[in-house]
Amino acid sequence: MSAEDMDVARMRSPLVVALSEAAILDQFLLGAKAANLGRLASAGFPVPPGFVVTTAAEGHLRDASPQMLESAAALGAQRFAVRSSGTAEDLEDASFAGQYETFLNVLPEGLPDAVKRVIASDSRVTAYKEDRAEATDAVPRMAVLVQAMVEADSSGVAFTANPVTGRRGEVVITAVRGLGERLVSGEAVGDEWVVRGEEAIPRRESEGAITRRLALEVAGLARRVEEHFGTPQDLEWAISKGKLYLLQARPMTALPEAVEWEPPRPGYWMRNFRLGEWLPEAMT
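Residues numbered from 1 in each chain as written. Predicted model: local features only at pLDDT ≥ 70, side-chain atom pairs only at ≥ 80, totals over all residues. Heavy atoms only, no water.

## Considering the overall build of the protein
Note the threshold: Each helix is a run of H or I in the DSSP string that is no shorter than four residues. Each strand is a run of E no shorter than two, and both are numbered from the N terminus. Each residue gets one of three labels from its accessible area relative to the maximum for its type: buried under 20%, exposed over 50%, partly exposed in between, using a 1.4 Å probe on protein chains only. When checking whether two residues touch, look at their non-hydrogen atoms; a contact exists if any pair is within 4.5 Å. Note on areas: Shrake-Rupley with a 1.4 Å probe; residue coverage comes only from the protein chains shown.
For the protein, the helix and strand inventory stands at 7 helices and 13 strands. Burial status across the protein gives 49% buried among its 284 residues. At a minimum sequence separation of 6, the contacts of the protein that also span at least 24 residues come to 62%. Working note: accessible area of the protein is about 14400 Å², and carbon and sulfur atoms make up 50% of it.

Okay, here's the thing in structure tokens:
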């Protein structure tokens, strides 16, 4: 679809749509993040309820504001998470994560301003958008995802393939207590678990954010999302009052091919801090 055709379609498109209904709309209206979550919500995954301020609302936020407040009231939530959902985000060849604003614990009356500020943050990536336009013949647009705030007891990320070794049989989970913003901002390192089959192994437990049982539950959710989309996934999740929620799912980018490190002869040991350096005896 050309840029001109997309502009015409946007004029006829809804400004605000419930996330539960988003799966029937084109991705250029929803952005990749909201489109993915809309599909997952429709498939029965535990996605927090919400709505999308579509790309058609860019430049028409005053018209969209009453619909935002009406949609927020229908959800019955007291606070909301407001996040970007650009059409150039969360793609297989470019996730472009962390470039846009995210606002948490937003009160209903603050939603129009938070949405406006998320869209304004799009100016950071003008050059990137121009590069994408050259490749797709269409300038990427910005939608905004608004969801009921999950009061997380613990949260984190999960990869359905090991991002370092490329092994597809491993789910790598990082978890922190409370909101995941502490993790993605670099404020906290978090616990790390590796799940192979039904075996969950803690590599680091600095916070004690999740138990072995919860690590297996997160890994199970991650594998189901991977099966749904048919490609390795990078997930964000949260647990609140014992319930697991799926906050985001996107394809893993720059995933290496799986590498198996085999010793050159029986009995050799490998020094973990330098892959590929084999020694004839174990060393501390």
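After that view, the rundown keeps rolling.
## A look at unusual backbone geometry
Its identity is not glycine, yet asparagine 105 carries a phi of approximately 55°, on the positive side. Along the polypeptide, asparagine 105 turns up in strand 4 (residues 102–106). Judged by relative accessible area, which is 31%, asparagine 105 ranks as partly exposed. The backbone phi angle of lysine 241 is positive, close to 55°, even though this residue is not glycine. Counting through the fold element by element, lysine 241 comes out in the loop between strand 10 (233–240) and strand 11 (243–251). Take lysine 241: its relative accessible area is 80%, and that puts it in the exposed class.

## As for the environment of valine 118
Looking at the element boundaries, valine 118 is found in helix 4 (residues 111–120). With 33 residues separating them along the chain, valine 118 and serine 85 place their C-alpha atoms 9.4 Å apart. The residues touching valine 118, leaving out its near neighbours within four places in the chain, are Val82, Arg83, Ser84, Glu101, Phe103 and Val144.

## Structural notes on the sheet that holds strand 3 (residues 80–86)
What counts here: Two strands qualify as a pair provided DSSP detects at least 2 bridges between them. Under this scheme, a helix contributes an axis fitted over its contacting stretch, all axes are lines through C-alpha atoms, and angles between N-to-C directions fall in the 0 to 180 degree range.
With antiparallel pairing, the 5 strands of this open sheet are ordered in space as 1-2-5-3-4. The sheet is open, and its two borders are formed by strand 1 (16–18) and strand 4, each paired with just one other strand. For this sheet, the mean angle separating the axes of adjacent strands, direction not counted, is 20°. As paired strands, strand 3 and strand 4 are joined by 3 bridges and run antiparallel to one another. If you follow valine 82 over to strand 4, its bridge partner there is phenylalanine 103. Against the sheet, helix 3 (residues 61–75) touches strand 1, strand 2 (50–53) and strand 3, its axis set at about 175° to strand 2. Sheet strands touched by helix 4: strand 2, strand 3, strand 4 and strand 5 (142–148). Its angle to strand 3, the strand with the most contacts, is close to 30°.

## Details of the nonpolar core
Our working definition: Put simply, a nonpolar core is a bunch of buried Ala, Val, Leu, Ile, Met, Phe, Trp, Tyr and Cys residues held in one set by side-chain atoms that sit within 4.5 Å of each other.
Ile173, Ile210 and Trp237 are the most contacted members of the largest nonpolar core, which has 35 residues in total. Looking at this core, the elements that each hand over two or more residues are helix 2 (27–42), strand 5, strand 7 (170–177), strand 8 (191–196), helix 7 (212–229), strand 10 and strand 11. For this core, the element with the most residues is helix 7, which contributes 7 residues. Setting aside residues up to four positions removed in sequence, isoleucine 210 forms contacts with Ser154, Ile173, Ala175, Asp191, Trp193, Ala215, Trp237 and Ile239. Counting 27 residues, the second-largest nonpolar core is a separate cluster that includes Phe28, Val53, Phe80 and Met142.

## Overview of helix 2
Since the α-helix turns once every 3.6 residues, residues separated by three or four places project in the same direction. Keep this limit in mind: What a helix is expected to span follows from its residue count: subtract one and scale by 1.5 Å.
With 16 residues, helix 2 should cover 22 Å at 1.5 Å per step; its first-to-last C-alpha distance of 15 Å lies more than 12% under that length. With 12 of 16 residues buried, helix 2 is to be regarded as a mostly interior element. Within the span of helix 2, buried status applies to Phe28, Leu29, Leu30, Gly31, Ala32, Lys33, Ala34, Ala35, Asn36, Leu37, Gly38 and Leu40. Positioned one or two residues after helix 2, glycine 44 has a phi angle of 95°, which is positive.

## Brief notes about the packing of helix 3 against helix 4
The line we're drawing: Roughly parallel means an angle under 35 degrees; roughly antiparallel, over 145; roughly perpendicular, 65 to 115; everything else is oblique. In this scheme, a crossing is called left-handed if the near helix is turned counterclockwise away from the far one by less than a right angle; it is called right-handed if the turn is clockwise. Classes in brief: Ala, Val, Leu, Ile, Met, Phe, Trp, Tyr, Cys and Pro nonpolar; Asp, Glu, Lys and Arg charged; the others, Gly included, polar.
Between helix 3 and helix 4, whose axes approach to 9 Å, the crossing angle comes to 125°. With respect to helix 4, the axis of helix 3 lies oblique. Here the hand of the crossing between helix 3 and helix 4 comes out right-handed. Where helix 3 approaches helix 4, its residues Leu61, Ser65, Met68, Leu69 and Ala72 are matched on the opposing element by Leu111, Pro112, Val115, Lys116 and Ile119. Considered class by class, the residues forming the contact of helix 3 with helix 4 number 8 nonpolar, 1 polar and 1 charged.

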